[in-house]
Every structure is written in structure tokens, then in C-alpha cells.
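# Geometric and topological summary
Here is what each chain is made of, one letter per residue.
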Amino acid sequence: DEISNLVSVFQEGNGTVTRIIRMGTRKSQLARIQTDSVAEKLKELYPDLQLEIGTRRLSIIGEKSLFTKELENALERNEVDLVVHSLKDLPTSLPPGFTIGAVLQRENPHDAVVLHPKNAGLSLDSLPEKSVIGTSSLRRAAQLKKRFPQLVFENIRGNLNTRLKKLDEKEDFAAIILAAAGLKRMGWESRIGQVLGPEDCMYAVGQGALAIEVRARDRDILEMVSVLHDPDTVLRCIAERAFLKQLEGGCSVPVAVHTEVKNSVLYLTGAVYSLDGTDCLKDTMQTNIDLHDLVHDGAGERAHVGVTAHSLPLLALDAAEKLGTDLANLLLSKGAQDILTTARQLNDAR
């Protein structure tokens, strides 16, 4: 394990206690960048904190859930104290004993088009007909097939580095679709040829936000990381996660969202798609959220779809969660279950 030491002490309300906080991360470049960025924020807030970052070389290729599991095992065994994830990789139900102690301010949550160098300056609209676009996401493929029927969408695997290499070094793809947030964090913003707005492609639940997973019983660590919560991002992501959870969606079905907070109102647009994008149910709901409501009663101890945010008003957290559940129920009442079941069966049969 490669460990980088940032030396000092952990502060408690009554004085200082020397304590090393161990952060776990995957060995991918993006995971490491994301973890380092959180470490820097913690160092700014707690200059006396001693942080160690240990990377796990994961032998498991494939399921995101396996990466998550491996890191949760380390949390459970007390080998690490906190783990930084992309929130969109975390399931809507966490195993007992774990919670998301912080959801940081969201980076741009939209998807981006990265073009083969020979197509520089073009967009999905202007690429030649039958151009092949690489994406590993059913959600992206479903929406984009419907929106750009003249293009061909094919699967592309691997992490960000691998996918960019496949795009640039071969002639298989005219362009690939990646999350704008990951490209930006990697310093590859210059490769973004086009950012897809909600009219072209709505994003995944939690996309663009980083989450810190901790042991639910570690009150001091929870307290320490909770200052990193970004209130708007927390409420948006609770609504999105509640929507997905109520639909019982996952990576294997095309579910997409769009959220915004304006003048103390939280807006959630959610949609489910058939794999080819021809069937779509989409709707928008809103709820009032008052972040200045100072009622932080004891009930705030409970997590909202895996997120613990004691510093936010309980009424706002409850409203965000209810918004997601209500929108999911609205789509279910219009037949979303049939679309999702068919999509899941077709995908499983592949």
C-alpha cells in the first residue's frame, strides 16, 4: 500500500487529541485525484489533522459495486476511516453500519462529447451519418439514440484513460460520451467538444458529486466531514437517490434525472427509458425547501437514502426525499415498471 503522510492532530471540542485519519481509495488516477482533493479540503479546515491515504490495488475488474464492496470491507475492518467515492457509484441502499457523511459541492453533472481528433470542431448534430459513438452507459445510449437517430451507438469499456486511448489511437469511434466532471477533474477539459444539456441527455443520479462514506457509529469522523456538505448538492442528490430507489433502478436500467434549486424551491425532473429510447416516461415535480429553517430536532439522526446530514434542517431533508419518492410513484402510476422490467430483461439477455 502506497501511503502518503500529512502529519498532525485531530481536534476535538475539548482540546486536541492526536489521531491519524486513514483515507481509502482505488488505484485509478481519477479516484486518487478525487481523494486528494478531499484531503486538501480537510487540511484547510483542520490544519492539525494527520491524514494517510492508502490505495488498494483491486484485482477485480468489472462491477463498480465490487470496488465499493472492497473499500467497505476495509472500512468495516477499521483499516480505513473514510472512503471517497463518486456518488453515482454508491447504491441507494448502503449496507448496515455505513453512511455518507458528506456530499461535496457538485461539479458540472452533465455528459460531454469527446471527439476523435479528426472530428475536432464537430458536434453530434454535425458528425457524418452512421458515425459510431462509444458509451458504456445504457442511460446515455437510450437518450442519445432517440435524439440522434442518424448515429450508431456502441459499447466502450474501461476507465477514462483507457477509453480516451481507444478513441484516439484507433478509428473505431468518431466520438465517445463521458461525464464532464471526470474530464474536468483529470485536467482534460480541453478535450470536451460539446456539453450535452438536459434536452439532449439528462444525467445519472448523483453524477458530478463526490461523497465521503464513513462508519455510521464514528460520531467524531461524521462531525469532522459534515462541514464539507454542500446544502444544495445534498438536497438535489437526496431527491435523485430517493427517485432511483423507489423505482428500484440501478446501473442495469436507463434512469436519468435533472435537478435544480432556485429561490428555495427544489425542482426534480426524472425519466425512465426503454433501451432503444423509443419508450420514455418523464415528468417534473417541485417542493419548497427552507435552508434557514432552524429546527434541527433529534429525528435528524436518521439517514436519508444513505446520506447523514445533521447540519441541514430536517424538514428540508424530508422534503427532498419525499420529492424523489413522489416523482417515482407518479412515473410508476403511468407504467414505468413495464419499461424498466423490459429493459432489465433485455439487458440481462445480452
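Please read all numbers here as calculations on a predicted model, not as lab measurements. (Residues numbered from 1 in each chain as written. Predicted model: local features only at pLDDT ≥ 70, side-chain atom pairs only at ≥ 80, totals over all residues. Heavy atoms only, no water.)

## Things to note about the overall build of the chain
Test applied: Here a helix means four or more residues in a row that DSSP labels H or I, a strand means two or more in a row labelled E, and each is numbered from the N terminus. For the exposure calls, accessible area comes from a 1.4 Å probe over protein chains only, and a residue counts as buried if that area is under 20% of its type's maximum, exposed if over 50%, partly exposed in between. Contact definition: two residues touch when any of their heavy atoms are within 4.5 Å. Computed with a 1.4 Å probe, the accessible areas rest on the Shrake-Rupley method; for each residue, only the protein chains presented here act as cover.
Across its full length, the chain carries nine helices and 16 strands. When burial is assessed residue by residue, the chain has 53% of its 350 residues classed as buried. Within the chain, contacts between residues separated by at least 24 positions form 72% of all contacts whose residues are at least 6 apart in sequence. As displayed, the chain offers around 15600 Å² of accessible surface, 49% of which is attributable to carbon and sulfur atoms.

## Section: the sheet that holds strand 9 (residues 132-134)
Let me state the cut-off plainly: Here the rule is simple: two strands pair whenever DSSP picks up at least two bridges between them. In this description, a line fitted to the C-alpha atoms serves as the axis of each element, helices being fitted only across the stretch in contact, and the angle between N-to-C directions of two axes falls anywhere from 0 to 180 degrees.
Spatially, the five strands line up as an open sheet ordered 10-9-11-8-12, and their pairing is mixed. If you trace the sheet from one side to the other, it starts and ends with strand 10 (152-154) and strand 12 (192-196), each paired once. In this sheet, neighbouring strand axes are inclined to one another by 30 degrees on average, regardless of whether the strands run parallel or antiparallel. Pairing geometry for strand 9 and strand 11 (residues 175-179), over two bridges, is parallel. Directly across from Ile133, in strand 11, lies its bridge partner Ala175. Lying on the sheet, helix 3 (residues 138-147) is in contact with strand 8 (111-115), strand 10, strand 11 and strand 12; it crosses strand 11 at an angle near 125 degrees. The strands touched by helix 4 (residues 160-169) within the sheet are strand 8 and strand 11, with strand 11 carrying the most contacts at an inclination of about 165 degrees.

## Topic: the sheet that holds strand 14 (residues 255-262)
One open sheet holds the three strands; their spatial order is 14-15-16, and the pairing between them is antiparallel. In this open sheet, the two strands that pair with only one neighbour each are strand 14 and strand 16 (280-288). This sheet shows a mean twist of 15 degrees between the axes of neighbouring strands, independent of strand direction. In the sheet, strand 15 (residues 265-273) pairs with strand 16 via nine bridges, with the strands oriented antiparallel. When the bridges of strand 16 are listed, Val272 appears paired with Leu281. Across the face of the sheet, helix 8 (residues 314-333) comes into contact with strand 15 and strand 16 while running at roughly 150 degrees to strand 16.

## Observations regarding the pattern of salt bridges
As a reminder, the rule being used: Each reported salt bridge corresponds to a side-chain nitrogen of Lys or Arg within 4 Å of a carboxyl oxygen of Asp or Glu.
Applying the stated criterion to the full structure yields 18 salt bridges. With a closest N to O distance of 2.8 Å, Asp81 and Arg22 form a salt bridge. Of this pair, Asp81 sits in the loop between helix 2 (64-76) and strand 6 (82-86) while Arg22 sits in strand 4 (residues 20-26); the two residues are 59 residues apart in sequence, bridging distant segments of the chain. Since its relative accessible area comes to 1%, Asp81 is described here as buried. A relative accessible area of 25% places Arg22 in the partly exposed class. Linking Asp283 and Lys334 is a salt bridge whose minimum nitrogen-to-oxygen distance equals 2.6 Å.

## Let's talk about the packing of aromatic side chains
So the rule is basically this: Only Phe, Tyr and Trp rings are paired, with Trp represented by its six-membered ring, and only when their centres lie within 6.5 Å; those with planes under 30 degrees apart are stacked, over 60 edge-to-face, the remainder tilted. Working rule: Lys NZ or Arg CZ, within 6 Å of ring centre, within 35 degrees of ring normal, means a charge sits over the ring.
Tallied over the entire structure, the rule returns zero aromatic pairs. We note Arg147 situated over the ring of Phe148; from NZ or CZ to the ring centre the distance is 4.5 Å.

## Looking at the confidence of the model for the chain
Worth spelling out the cut-off: For every residue, the predictor states its confidence as a pLDDT score lying anywhere from 0 to 100.
This prediction gives the chain a mean pLDDT of 88; 88% of its residues lie at or above 70. Segment residues 1-15: pLDDT under 50, and 49 contacts once partners within four positions in sequence are set aside and those in other chains are kept. This stretch, residues 58-63, has a pLDDT under 50; its non-local contacts, to residues over four places away or in other chains, come to seven contacts.

## Regarding unusual backbone geometry
Of note, the phi angle at Asn78 is positive, near 60 degrees, even though the residue is not glycine. The exposure class of Asn78 is partly exposed, given its relative accessible area of 36%. Of note in the backbone geometry, Val305 takes a positive phi value of approximately 40 degrees without being a glycine. Within the secondary structure, Val305 sits in the loop between strand 16 and helix 8.

## Side note on the pairing of strand 7 (residues 98-103)
Judged by how many residues are buried, strand 7 sits mostly within the fold: six of six residues are covered. Sheet topology places strand 7 next to strand 13 (residues 210-215); five bridges connect them, and they run antiparallel. What sits directly across from Ala102, in strand 13, is Ile212.

## Quick look at helix 4
How we decide: What the arc describes is the spread of directions from the helix axis to the C-beta atoms. Pairing of N or O atoms within 3.5 Å defines a polar contact, subject to two protein rules: one partner must be a possible hydrogen donor and the other a possible acceptor, and residues neighboring in sequence count only if both atoms are side-chain atoms.
Residues of helix 4 that are buried include every one of Leu160, Arg163, Leu164 and Leu167, and no others. The buried residues of helix 4 occupy an angular sector of 95 degrees when projected down its axis, which confines them to one face. On the buried face of helix 4, the contacting elements are helix 1 (29-45), strand 8, strand 11 and helix 5 (180-185). The backbone nitrogen of Asn161 lies 3.1 Å from a side-chain oxygen of the residue at the head of helix 4, namely Asn159.

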